Amino acid sequence: MRRVAVIGVGVTKFGLHDRTSAELFADAAGDALTDAGIAASAVQALYYGNVVGGETEHQLHTGPQAASVLGIPSVPTTRFETACASSHAAFRHAVMEIGAGVSDVILVGGAERVLNVSTAESTEYFAYASDAVWEQPLGLTFPGVFALIARAHMEKYGTTEAQMAAVAVKNHRHGALNPKAQFQKQITIDQVLRSAYVADPLKLLDCCPFSDGGAAVVLASEEVARRHRKPVWVLASAAASDWMLLGDKRDLARVPATERAAAAAYRQAGLGPTDVDVVELHDCFTIAEIVATEGLGLFEPGAGGRAAETGLTSLGGEVPVNPSGGLKAKGHPIGATGAAQIAEIVTQLRGEAGPRQVDGARTGLTHTLGGNTATVLVSLFGRD
Amino acid sequence: MTEPVITARAFFERARAGQLTAVRCGSCGELAIPPRELCPACHARAWQPVPLVGEGTITSFTVIRVAPRAHAADAPYAIAVVKLQEGVSILGRIVDIPLDKVAVGLPVRFRPLGAQDQTSIGFGPLG
Ligand SMILES: [Zn+2]
């Protein structure tokens, strides 16, 4: 496989927008091309993540639509849908296409628009990522899936609601340093613990928000990347899947797809968890961050809650997690999230993250989880 | 050719009559619910339907307070993963148990929910 680099990144502010998802993507993609200093005519393919366009915008065929709105209609374009991990799945396939020598420059990104519909509607559409025959008819929701995981983690390891709240407080503290974040204000443990239950034991402030937004990254072969400033190298990109049905998951307190994807990524890169300086991971709910830090090998199974509570995952801590504010504070436009996480790690490894910079970060990791934990992507990045 | 695996439709027809059904692999003995095409343990395609007792215990649960539109009138309601006495687990709606009595380890018994063409999996009190 040829070496692959990220040479440009772009992210819109996340939150409420009066623009279509294609416009949001195009905005981010324009910024990514400018950041890369590369002409749009050099782009040989677009790999695109979008999830509920059919439901919220009555728009399918979102790949070529996004390419048309951007103004590069003739490149081969494919939409990826792996729920919340969509644009990270798109990224992995672009890495393989460049690695295989098929293309030299690929644009990867994603976008989502959901704030144009009601919370009841978006709650329903997100639940479509669970099984339509066996689970949706029970009234299962996305928070419900992670509430079941949280309860299992509490039973098995003694994880507390206060430890989960510590994740939300930390990510809001980080988000307050990110001008692109949906929430740029700090919150307290007490506010989290006193917020209303959405799906017990998860409360409103354990949950990431619904968000609109777009993100894009430009990938290039080593030969092209060498002509651009500060290439950030893709050291690994791995995917894993798991059973859809919650009843089929042998241990709800763990996410086997995270463990498998992480093991594959570490193997590809010849690295281990202790080599990682900065992490952007999938904190759609506070418990998801705790379980992910364990699945990625940053902490032992069961130790993730205590790690969050004692500040090990804060900026300045042992291994800073979600310096961007994470999905919790930065926002979670589901089709854009994987690309946005990659953009943050690239910014960190370039040393351009300003007040949220992890000092001296040389190796970064992104982790994106799809829906009911049935899809996970893990990628590793390094700088020269 | 093998015997047809029990379909989701056939599963729910049996469920509507009060019978929870799993499938057992004729090759390695693996038990699975709901039915699927290949045995996940040995990849054989030799399932036989097996009636289950329908009793189990809650291994995790949640109370859904913000519901999808179709279930908004039911909220709040409990959903649980139930480990059946035969060893397999399945997700179901908890009914006829007060929400503050739902707990990990609580014994429950299968009961079909819904009417006509839409049956779903429920669990109620054992006694
Ligand atoms: Zn078998």
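Here the structure is shown first, and the text comes after it.
Since the model is a prediction, treat every value here as computed from it, not as a measurement.

1. Observations concerning the coordination of the zinc ion
Residues and elements named next belong to chain B.
Phase 1: All of the protein donors around the zinc ion are Cys 25 (SG), Cys 28 (SG), Cys 39 (SG) and Cys 42 (SG); their distances to the metal are 2.3 to 2.4 Å.
Phase 2: Here the zinc ion binds four donor atoms, and the angle range of 103 to 113° at the metal identifies the geometry as tetrahedral.
Phase 3: Written as a sequence motif, the donor residues of the zinc ion are C-x2-C-x10-C-x2-C. Pair noted here: Cys 25 is in strand β1 (residues 21-25) and Cys 42 is in the loop between β2 (31-32) and β3 (47-51), with a separation of 17 residues, a long-range link.
Phase 4: Judged by relative accessible area, Cys 42 falls into the partly exposed class, the value being 32%.

2. A few points about the interface of chain A and chain B
Accessible area lost on assembly of the parts is the figure often given for the size of an interface.
Phase 1: Taken together, the 31 residues of chain A in the interface contact 33 residues of chain B.
Phase 2: For the pair chain A and chain B, the two sides together bury roughly 2,600 Å², of which 64% comes from carbon and sulfur.
Phase 3: Counting the surface chain A buries against chain B, the share from its top three residues, Trp 134, Leu 138 and Leu 148 of chain A, is 27%.
Phase 4: Linking chain A with chain B are five salt bridges, by the criterion used here.
Phase 5: One salt bridge in this structure joins Asp 200 of chain A and Arg 65 of chain B, with 2.7 Å as the shortest N-O distance.
Phase 6: Run the count over chain A and chain B and you get 12 residue pairs in polar contact (both at pLDDT 80 or more).
Phase 7: Sorting the residues of the side of chain A that touches chain B by element identifies α5 (119-127), α6 (142-157) and β5 (197-199) of chain A as the ones contributing at least two each.

Conventions used here
Residues numbered from 1 in each chain as written. Chains lettered and ligands numbered in written order. Predicted model: local features only at pLDDT ≥ 70, side-chain atom pairs only at ≥ 80, totals over all residues. Heavy atoms only, no water. Donors = N, O, S within 2.8 Å, 3.2 Å for Na, K, Ca; no water. Tetrahedral: all angles 85-135°; square planar, octahedral: opposite > 155°, others 65-115°. Helix = DSSP H or I, 4+ residues; strand = E, 2+ residues; numbered from the N terminus. Buried < 20%, exposed > 50% of the residue type's maximum accessible area, 1.4 Å probe, protein only. Contact = heavy atoms within 4.5 Å. Buried area = accessible area lost by both parts, 1.4 Å probe. Salt bridge = Lys/Arg side-chain N within 4 Å of Asp/Glu carboxyl O. Polar contact = N/O pair within 3.5 Å; in protein donor to acceptor, adjacent residues only side chain to side chain.

By themselves these figures say nothing about function.
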